[in-house]
Amino acid sequence: MKYTLIEEKGQYALILRGEGMTQYAVVSGLDKKTGSWDWTCCYYDFGKFSGLTKADALFNALDYYLMRTSEKHIPWVRISEITTLLKDGLIEDGEEEAYRYMADAVELSDAEAEYFGLDMERYRATTGEDTDSDTIPSSTGGDYSPANPWDAPGMSVSDFV
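It should be emphasised that the depicted structure is a prediction, and the values quoted were computed from it without experimental measurement.

1. Regarding the pattern of salt bridges
Side chains that carry opposite charge are capable of pairing whenever their charged atoms lie near each other.
Working step 1: The full count for this structure, using the stated rule, is eight salt bridges.
Working step 2: One salt-bridge network, held together by shared partners, links Glu95, Glu96 and Arg122.

2. Examining the pairing of strand β3 (residues 23-28)
Working step 1: Counting buried positions along β3 yields six of six residues, so the element is predominantly enclosed.
Working step 2: The alternating pattern of β3 places Gln23, Ala25 and Val27 on one face and Tyr24, Val26 and Ser28 on the opposite face, and all of these are buried.
Working step 3: Note that strand β2 (residues 12-17) and β3 share six bridges and pair antiparallel. By the bridge assignment, Tyr12 is partnered in β3 with Ser28.
Working step 4: Hairpin geometry of β2 and β3 is characterised by an intervening segment of five residues between the two adjacent antiparallel strands and by a positive phi of about 105 degrees at Gly18.

3. Re a nonpolar patch on the surface
Working step 1: On the surface, a cluster of nonpolar side chains totalling about 440 Å² of accessible area is made up of Phe59, Trp76, Val77 and Tyr115.
Working step 2: Looking at the secondary structure, you find Tyr115 in helix α4 (residues 110-115).
Working step 3: You can call Tyr115 partly exposed: its relative accessible area is 44%.

4. Observations concerning the environment of Asp88
Working step 1: Position of Asp88 among the secondary structure elements: in helix α2 (residues 76-93).
Working step 2: The class for Asp88 is partly exposed, based on a relative accessible area of 28%.
Working step 3: Here the alpha-carbon distance between Asp88 and Leu118, two residues 30 residues apart in the chain, equals 9.8 Å.
Working step 4: Engagement of the side chain of Asp88 in a polar contact is seen with the side chain of Lys87, the distance being 2.6 Å.

About the criteria used
- Residues numbered from 1 in each chain as written.
- Predicted model: local features only at pLDDT ≥ 70, side-chain atom pairs only at ≥ 80, totals over all residues.
- Heavy atoms only, no water.
- Salt bridge = Lys/Arg side-chain N within 4 Å of Asp/Glu carboxyl O.
- Buried < 20%, exposed > 50% of the residue type's maximum accessible area, 1.4 Å probe, protein only.
- Helix = DSSP H or I, 4+ residues; strand = E, 2+ residues; numbered from the N terminus.
- Pairing = 2+ DSSP bridges.
- Patch = residues over 30% accessible without salt bridge, like charges linked within 9 Å, V, L, I, M, F, W, Y side chains within 5 Å.
- Areas by Shrake-Rupley, 256 points an atom, 1.4 Å probe, with all protein chains shown as cover.
- Polar contact = N/O pair within 3.5 Å; in protein donor to acceptor, adjacent residues only side chain to side chain.

What follows is the structure in structure tokens.
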């Protein structure tokens, strides 16, 4: 079968395969000389006859490939499951505090808040509220206070040494 090797580690390989090159696949036991492999672990079609875009198919195949080749990789689906359970636990412990925490500490975007199924009206109201902040002024907020004056445009540490 026709294929293009994208990445290979150990017994696994991530390839673009097919006559129309419209599948990303993770295969095991790739033999480069014969152009064959022992088995296909997973594949993702893309194109006009698939519900996936080329980028989505590559993401899914790469996520699976990394799950097989990297001990530290956590698949996207599992991360999504963990964060959803954590969000649900926060809300069960106190809805008002949970929304405040997600707005202030986590700083969820609207798309992220929608993904987690938050009440968008309530979330937007929470993010719009003015709260007292005990943070130290810094250049990251456009405030070039004495804490970090060298971060001001045109200034450097050498101007103060």
